[in-house]
Amino acid sequence: MTTPAYPELNYLNATHGIRSWLLTKDHKRIALLYLISVTVFFGLGGMFAGLIRLELTTPAGDLLAADTYNKMFTMHGIVMIFFFLIPSIPAILGNFLIPIMIGAKDLAFPRINLLSWYIYIIGGSFTLYAIVVGGVDTGWTFYTPYSTSASNTNVLPTGIGIFITGFSSILTGLNFIVTIHRMRAPGLTWFRLPLFVWAHYATSLIQILGTPVVAITVLMLAAERAFGIGIFNPALGGDPVLFQHLFWFYSHPAVYIMILPAMGVISELVACFSRKPIFGYSFVAFSSLAIAVFGFLVWAHHMFVAGISPYAAMVFSFLSFAVAIPSAVKTFNWAATMYKGAIWLASPMIFVFGFLGLFTIGGLTGLFLASLGTDIHIHDTYFVVAHFHYIMVGGAIMGYLAGIHFYWPKITGRMYPEAWAKFSALAVFVGFNLTFFPQFILGYMGMPRRYHTYPPEFQVLNVLSSAGATILAVGYSIPLIYLLWSLKYGKVAGNNPWGATGLEWKTQSPPLTENFTETPIVTEEPYDYARQGAHVG
Amino acid sequence: MSGHVSPKSMYFTIFGALMFFTALTVGVAFVDLGHLNFPVALAIAITKATLVILFFMHVIHSSRLTKLIVATGFFFLLILFGLTMTDYLTRGIQPNGQKGSMITQH
Amino acid sequence: MVQQKESVTLGMWVFLAQEVMFFGGLFMAYLLYRVWYPAAWAEGSQELDVMLGGINTVVLIGSSLTMAFAVRCAQLGQNKATRNWLLLTLVLGLVFVVIKGFEYYHKFEMHHIPGADFVFHGPNADQIQIFLSLYFMMTGLHALHMLIGFGILAWIAGMAHKGRFSPEYYSHVEMAGLYWHFVDIVWIFLFPLLYLVDRVHHVG
Ligand SMILES: [Cu+2]
């Protein structure tokens with residue numbers, strides 16, 4: 001096999017200068033703008049997490065005062081959820097890949113795509129401003145009436161930041177929906193679409209139907225805080241539980257904004273590295289839509305102890321169990337795809353195995369929380385913290401890293417050092433489990449979340465958790481180094497280093513600005529690994 | 001959706017109907033229908049909105065996809081209302097079948 | 001060109017679905033407190049002027065009619081007529097906002113603006129403040145949408161003035177129309193929900 005040449009002309013060197021990046025309408029360049037800004041927020045959120053874990057290595061509150069600690073976990077949550085997890089896979093990988101996967105030159109509305117990034121940056125600036133001038137301490141959930149009439153921290157600028165950023169998410173979703181409907185190449189029917197595209201279609205539905213509700217809720221919260229009116233204030237006749245209903249109407253589905261795109265990545269990688277067509281393609285495709293719809297029916301499982309009616313709690317508990325079904329469908333289909341496949345343990349696939357293990361634990365522990373009896377015992381304990389980190393960090397970030405590694409050669413045209421990537425995957429997996437598994441036990445034993453001190457008998461598990469966080473930090477940091485290194489020194493990747501199917505691997509790496517020299521015509525079924533064999537290069 | 005040009009008379013007819021329903025909803029508001037005043041006002045508003053959507057916004061001549069999007073928007077709105085009110089309207093009802101007051105007033 | 005136009009139409013409808021949910025949160029709050037506080041809702045509603053609200057309903061539905069004609073003329077390639085209908089729509093919209101402004105000003109004079117200056121006597125004062133808070137947020141957000149609409153109408157009218165539209169190229173007008181009709185629909189719900197609560201038992 002000859003070493004492929006690095007393409008002379010591509011989207012990275014098509015035009016030069018900072019203006020050509022900041023005013024670009026190329027979906028691939030906008031994806032890279034997101035990659036940079038999202039990484040900055042990830043680092044910031046990680047820093048807050050580090051301080052939290054440092055404080056919790058000892059039972060006493062010796063590093064951070066209670067107020068400061070409250071701000072740390074609040075800003076950790078806000079930054080990680082609204083500014084890292086929600087845009088991570090859709091705005092970076094989705095943006096980069098969807099047009100290429102469907103054989104289009106760009107998204108349907110390239111200018112709106114750029115606008116989305118600017119809205120994200122403006123919203124992020126408001127939130128950064130709030131952090132710099134002293135932070136906010138309400139918890140990322142902004143529960144009323146504390147957030148509206150008691151907290152003396154920067155609730156308003158943070159809220160405005162989140163309100164603004166929401167529209168970035170909405171516009172990205174809108175762009176994807178229209179693109180997937182209207183821009184598919186000839187022959188690319190719905191059931192020939194990569195499952196990554198299906199997953200993003202479902203994600204977009206949630207972004208469009210859910211995000212506006214949290215936006216208007218934050219607006220009501222801001223009005224209440226600014227003018228002292230009583231929509232959510234029980235002292236003035238309002239109902240704080242209404243705020244929770246409206247907040248979780250978005251914020252439960254928001255978990256699926258984070259996890260569905262990761263599931264899309266996993267579907268691609270499982271098929272590629274097993275060298276088999278995905279088992280039960282249409283089940284996996286429709287389970288994405290099912291998750292998007294059912295995800296809207298379960299939100300009050302966050303409110304079982306908030307005073308909702310027992311009857312409603314039973315309904316929401318039942319529905320929460322039901323939403324596990326489509327996720328299980330996906331997991332079983334991935335397992336069936338790998339069954340008797342010739343699995344290639346390349347570094348992205350190691351991340352996939354990490355995802356499968358952690359997401360499964362996260363999903364199954366979710367069932368404990370969905371059942372009314374156990375939830376009362378473990379509500380607001382570290383069990384919940386561990387559960388959602390298994391989904392959102394173990395699941396979503398593992399999927400994100402798997403995707404970044406898998407598509408890095410397509411994005412940059414170069415390979416990263418495989419051994420380091422495997423080491424990173426291993427460090428993340430080990431570090432993650434060491435950080436969060438003890439928290440299940442802590443929570444079960446009754447350690448509440450959101451306190452900066454705890455009884456001494458919890459210290460051993462907390463020290464384990466903090467030690468794990470250190471390993472996790474190393475696991476997250478080394479890709480930053482070797483991926484940057486690979487930009488200059490990495491081996492030239494060629495069009496298709498993984499021997500994968502799909503239009504994105506038929507064009508050059510990095511692609512041309514217009515993605516393809518001529519509009520592709522699709523005649524193959526998806527994931528046709530049997531026929532295509534594994535020609536790498 | 002694109003090419004279809006509706007006759008002017010259609011627009012006038014719809015406008016007339018909307019005016020009629022506006023007058024009706026104001027008129028009916030001053031008639032005692034007991035608990036029915038609110039449902040009737042809502043029904044009239046839904047009728048008016050439907051007329052605007054179908055004829056002024058040409059959904060009646062639009063693709064199935066457009067119809068689906070309109071339906072999806074309102075469907076999820078109903079999920080928001082319906083499941084939230086599932087909580088509020090069952091406050092006080094115990095799972096064992098005992099019934100308290102339907103409406104919790106603070 | 002057809003491809004592009006269909007994308008724009010689809011994008012607009014998706015945007016409007018988003019708008020439904022955006023207003024939806026306020027309607028949800030309205031629904032809950034209407035169920036909880038029927039007496040305060042009735043009392044608060046009496047503070048609104050049915051006459052002015054009714055006139056505004058007629059004005060706004062009228063502007064939807066003129067907007068529909070603007071789209072129709074654009075479909076037929078009649079640029080001058082399109083421009084005139086758009087300007088008429090804009091004028092009707094302005095009438096609506098001016099009347100709304102008078103209503104707001106009256107509330108200001110009565111100290112019925114929720115917040116620190118809010119004055120209301122009687123046992124339901126707090127609940128009525130919630131009613132009026134929702135009144136101001138719902139109508140305010142609606143008015144904000146109209147103000148944005150004015151900008152769009154003026155821009156499109158300018159395009160029509162320059163003779164830009166033809167039977168093959170008029171999606172700007174069509175999109176502006178969809179947006180404007182949506183704003184009209186929001187008002188169609190706001191009027192009975194805010195102005196006409198339990199008028200029977202509170203005549204005068
Ligand atoms: Cu949830």
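Residues numbered from 1 in each chain as written. Chains lettered and ligands numbered in written order. Predicted model: local features only at pLDDT ≥ 70, side-chain atom pairs only at ≥ 80, totals over all residues. Heavy atoms only, no water.

Overview of the pattern of salt bridges
Rules: Salt bridges are counted wherever a side-chain nitrogen of Lys or Arg sits within 4 Å of a carboxyl oxygen of Asp or Glu. Think of it this way: any DSSP run of H or I at least four residues long counts as a helix, any run of E at least two long counts as a strand, and we number them from the N terminus.
Applying the stated criterion across every chain yields a total of 9 salt bridges over all chains. For the salt bridge of E6 of chain C with R182 of chain A, the shortest nitrogen-to-oxygen distance reads 3.4 Å. With E6 of chain C in helix α1 (residues 2–36) and R182 of chain A in helix α6 (residues 155–182), the pair connects residues from two separate chains.

Some words on the coordination of the copper ion
All names here are of chain A. Short version of the rule: The donor definition counts N, O and S atoms within 2.8 Å of each metal and applies 3.2 Å to Na, K and Ca; water is not among these atoms, so some sites may look incomplete. A 1.4 Å probe rolled over the protein chains alone gives each residue an accessible area, and that area as a share of the maximum for its type sets the label: buried under 20%, exposed over 50%, partly exposed in between.
Within the protein, H252 (ND1), H301 (NE2) and H302 (NE2) serve as the donor atoms for the copper ion, at 1.8 to 2.0 Å. The sequence pattern formed by the donor residues of the copper ion is H-x48-H-H. The class of H302 is partly exposed, set by a relative accessible area of 24%.

Regarding the interface of chain C and chain B
Put simply, the rule is: Only heavy atoms matter for contacts: two residues are in contact if any of them lie within 4.5 Å across the pair. As a working definition, buried area equals the accessible area (1.4 Å probe) given up by two parts on being put together, with both sides summed. Counting of polar contacts relies on pairs of N or O atoms within 3.5 Å, with two restrictions inside protein: one atom must be capable of donating a hydrogen and the other of accepting it, and residues adjacent in sequence are counted only when both atoms are side-chain atoms. Asp, Glu, Lys and Arg are counted as charged, while Ala, Val, Leu, Ile, Met, Phe, Trp, Tyr, Cys and Pro are counted as nonpolar; the rest, among them Gly, fall into the polar class.
Residue-level contacts link 49 residues of chain C with 53 residues of chain B. Of the roughly 4500 Å² buried between chain C and chain B on both sides combined, carbon and sulfur atoms contribute 82%. Linking chain C with chain B are 0 salt bridges. Our count for the chain C to chain B interface comes out at 3 residue pairs in polar contact (both at pLDDT 80 or more). Of the residues forming the side of chain C that touches chain B, the biggest block, 18 residues, is contributed by α1 of chain C. A breakdown of the residues in the side of chain C that touches chain B according to their chemical character gives 34 nonpolar, 9 polar and 6 charged.

Some details on the interface of chain B and chain A
Accessible area lost when the parts come together is the quantity often used to give the size of an interface. Taken together, the contacts link 16 residues of chain B with 23 residues of chain A. Interface area lost by chain B to chain A is led by F76, L80 and L83 of chain B, which between them contribute 32%. Inspection of the region where chain B meets chain A yields 0 salt bridges. Summed over the shared surface of chain B and chain A, the result is 6 residue pairs in polar contact (both at pLDDT 80 or more). When grouped by side-chain class, the residues that make up the side of chain B that touches chain A number 8 nonpolar, 6 polar and 2 charged.

Focus on empty space enclosed by the protein
Residue and element names in this part refer to chain A. The test is simple: Within this scheme a cavity is a closed region of a 1 Å grid, computed over the protein atoms alone, that accommodates a 1.4 Å probe without allowing it to escape, whereas a pocket is open but has protein on both sides within 12 Å along at least five of seven lines; lining residues each have an atom within 4 Å of a point. Grid points are joined across faces, edges and corners, and a volume is the space filled by probe spheres set on the points.
Scanning the entire structure with this criterion turns up 4 cavities of 30 Å³ or more. Considered as a void within the structure, the largest cavity measures approximately 170 Å³ in volume. Lining of the largest cavity is provided by 20 residues; of these, F82, I86, T165, G166 and S169 occupy positions nearest its centre. Of all the secondary-structure elements, those providing two or more residues to the lining of the largest cavity are α3 (66–101), α6 and α7 (195–227). Ranked by residue count, the leading element in the lining of the largest cavity is α6, at 7 residues. In the lining of the largest cavity, the residues fall into 13 nonpolar, 7 polar and no charged.

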